[in-house]
Structure formats: C-alpha cells, structure tokens
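A closer look at the structure
Okay, here's what each chain looks like letter by letter:
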Amino acid sequence: ETGVTQSPTHLIKTRGQQVTLRCSSQSGHNTVSWYQQALGQGPQFIFQYYREEENGRGNFPPRFSGLQFPNYSSELNVNALELDDSALYLCASSLDRAPLHFGNGTRLTVT
Amino acid sequence: EDQVTQSPEALRLQEGESSSLNCSYTVSGLRGLFWYRQDPGKGPEFLFTLYSAGEEKEKERLKATLTKKESFLHITAPKPEDSATYLCAVQNTGNQFYFGTGTSLTVIP
C-alpha cells in the first residue's frame, strides 16, 4: 500500500510569484484535502476534492486553487504569493470524504 | 463560527504518569471528530475518529472519548515514544475541517 506522497519537500519563492504543489493520493482513495500549517499552529483547511470536484472550502482567497486528476492525484496552486503564505502545506487523502492519511508536506518559504 | 480549542498547550509528564488532553469544540453540525499525532517535520498521523456523543475508541495506551461539547484523549502510563503534538479536528456537515493548535506532549524517562 503506497502512502500519500508530496512534492517538492521544500520550496523557496519570491513574493508575487506563483507556485504549484503536488500530491499523490494513497492507492484507492478518492478524496483529497489540502491544509496550510503555520509554525506552531494547527493545520488550516484550504479545500477538498471528491471525484475531481471541489466539495468543501475553508477561508482562503481565490488565489488558492486546486485540481484533482482522474487518477486522484492533486495539485495546489497559489498565485501572487505573499510573505504570509510561508508555511507547511499538507495533503491528505481518504476514501469517501473522511481525511485519514496525510503526506509529510511541502515547506514553502516566500521571501 | 466553527472552532476547536485544545488544552493544555504543552504538557510534561513523567514516564508512567497518566493524564488527559482536552479538545473543546463548537460546530454547526458535527460529522466527525478526529485525533491525530504529529511528530516534528512530519505530517499528522491518524489516531481515531469519533462520530457521536458517548463513543469511545482505544489504541494501546490511548483512549479517546466524545461528548456533545468536548473530547478527551486519555494517555495511560505514557512512554517517551508517546512524545509528540496531538491534534484534534472536527468535520462539519459542510465538509469543512477545523483543527485545534494542538497539545505538545513531552514524556520524561
């Protein structure tokens, strides 16, 4: 059983740039969720995709967008990066909507 | 507004000293409450899901319970390897998830 994998593990971007983060779901899982975790904080829900459609969104602006592909892998795109976007971005996959399995995240630094 | 509050923020225990972590929540409609363990530099590791008041789940030295307003994670006779941050999260009927800021547990040998 392959777990959730995220790439890249670390990334440094400049304010105003755009970034794409990737996630491969655990085999058999049809739901993927994305979270932002600032240092010393709990993860904050960005959005969730179920069978390629967004079916839940947290309080994040539209410059945070995503995709889920037919093989249930997913991307998180962030446009017009701001310094406050620096965080650990976590992907979680599950079967039938309940988040159970997280990847180890992508550490994004915006300078 | 849906929210989760965890207490204490940090907890230091001697090995074998049992204790409880608290998760208080307000949610428009509870679909599930989740407990996770997170080690430094890693993603959260799933521990338990609770769906309704009165439900209990156990795994090794951990036991999770749920009421209508809060959940407890009881740790019995902890070992140093139980040291981690423990996160609580709720899922509402709108499929939105809210995490607490976690309890950082340190178990001293």
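Residues numbered from 1 in each chain as written. Chains lettered and ligands numbered in written order. Predicted model: local features only at pLDDT ≥ 70, side-chain atom pairs only at ≥ 80, totals over all residues. Heavy atoms only, no water.

**Re the overall build of chain A**
Of the regular secondary structure elements, chain A holds zero helices and eleven strands. Along its sequence from the N terminus, chain A presents helices and strands in the succession β-β-β-β-β-β-β-β-β-β-β. Here chain A holds 111 residues, and the buried ones make up 50% of them. Intrachain contacts of chain A at a sequence separation of at least 6 include 53% that bridge at least 24 residues. Accessible area for chain A stands at about 5200 Å²; split by element, carbon and sulfur atoms hold 47% of it. (Helix = DSSP H or I, 4+ residues; strand = E, 2+ residues; numbered from the N terminus. Buried < 20%, exposed > 50% of the residue type's maximum accessible area, 1.4 Å probe, protein only. Contact = heavy atoms within 4.5 Å. Areas by Shrake-Rupley, 256 points an atom, 1.4 Å probe, with all protein chains shown as cover.)

**Section: the side chain of Gln36 of chain A**
All names here are of chain A. Turning to its location among the elements, Gln36 is positioned in strand S4 (residues 31-37). Within the structure, the side chain of Gln36 is placed 2.9 Å from the side chain of Tyr89, a separation counted as a polar contact. Those residues in contact with Gln36, other than ones at most four positions away along the chain, are Gly42, Pro43, Gln44, Ile46, Phe60, Phe64, Asp84, Asp85, Ala87, Leu88 and Tyr89. (Polar contact = N/O pair within 3.5 Å; in protein donor to acceptor, adjacent residues only side chain to side chain.)

**Here we look at the state of the cysteines**
Each disulfide consists of a covalent bond between the sulfur atoms of two cysteine residues. Tallied over the full model, the rule gives two disulfides over all chains. Paired by a disulfide, Cys23 of chain A and Cys91 of chain A hold their sulfur atoms 1.9 Å apart. As the torsion about the S-S bond is roughly -65°, the Cys23 of chain A-Cys91 of chain A disulfide counts as left-handed. Of this pair, Cys23 of chain A sits in strand S3 (residues 19-24) while Cys91 of chain A is found in strand S9 (residues 87-94), placing the two residues 68 residues apart along the sequence. Assigned by exposure class, Cys23 of chain A and Cys91 of chain A land together as buried. Bridging Cys23 of chain B to Cys88 of chain B, the disulfide has an S-S length of 1.9 Å. The chirality of the disulfide connecting Cys23 of chain B with Cys88 of chain B is left-handed, given an S-S dihedral of about -60°. Of this pair, Cys23 of chain B sits in strand S3 (residues 19-26) while Cys88 of chain B sits in strand S9 (residues 84-92), and the two are 65 residues apart along the sequence. The exposure class assigned to Cys23 of chain B is buried, which follows from its relative accessible area of 0%. Exposure remark for Cys88 of chain B: the relative accessible area of 0% places this residue in the buried category. (Disulfide = S-S within 2.5 Å.)

**As for the pattern of salt bridges**
Residues and elements named next belong to chain A. Inspection of the entire model under this criterion finds eight salt bridges over all chains. With a shortest N-O distance of 3.6 Å, Arg22 and Glu75 are connected by a salt bridge. One end of the pair, Arg22, is in strand S3; the other, Glu75, is in strand S8 (residues 74-78), and 53 residues separate them in sequence. The shortest N-O distance in the salt bridge between Glu54 and Arg57 comes to 3.4 Å. The class for Glu54 is partly exposed, based on a relative accessible area of 38%. The exposure class assigned to Arg57 is partly exposed, which follows from its relative accessible area of 23%. Because the salt bridges share partners, they merge into one network encompassing Arg63, Glu82 and Asp85. (Salt bridge = Lys/Arg side-chain N within 4 Å of Asp/Glu carboxyl O.)

**Some words on the sheet that holds strand S7 (residues 62-66) of chain B**
Residue and element names in this part refer to chain B. With respect to topology, five strands assemble into an open sheet ordered S1-S3-S8-S7-S6, the strand pairing being antiparallel. Each having just a single partner strand, strand S1 (3-7) and strand S6 (56-59) make up the two edges of the open sheet. The mean inter-strand angle of the sheet, taken between neighbouring strand axes irrespective of direction, is 15°. (Pairing = 2+ DSSP bridges. Axes fitted to C-alpha atoms, helices over the stretch in contact; angles between N-to-C directions.)

**Describing the interface of chain B and chain A**
The interface of chain B with chain A comprises 19 residues on the first partner and 22 residues on the second. Carbon and sulfur atoms supply 55% of the area buried between chain B and chain A, which totals about 1500 Å² over both sides. Three residues stand out in chain B for area buried against chain A, namely Asn95, Phe97 and Phe99 of chain B, and they jointly supply 33% of the buried area on that side. There are zero salt bridges connecting chain B and chain A. The tally of links from chain B across to chain A stands at three residue pairs in polar contact (both at pLDDT 80 or more). Contributions of two or more residues to the side of chain B that touches chain A are made by strand S4 (30-38), strand S5 (45-50), S9 and strand S10 (97-99) of chain B. Take the side of chain B that touches chain A: its biggest share by element is four residues, from S4 of chain B. Here the residues of the side of chain B that touches chain A are counted per class, giving seven nonpolar, ten polar and two charged. (Buried area = accessible area lost by both parts, 1.4 Å probe. Nonpolar A, V, L, I, M, F, W, Y, C, P; charged D, E, K, R; others polar.)

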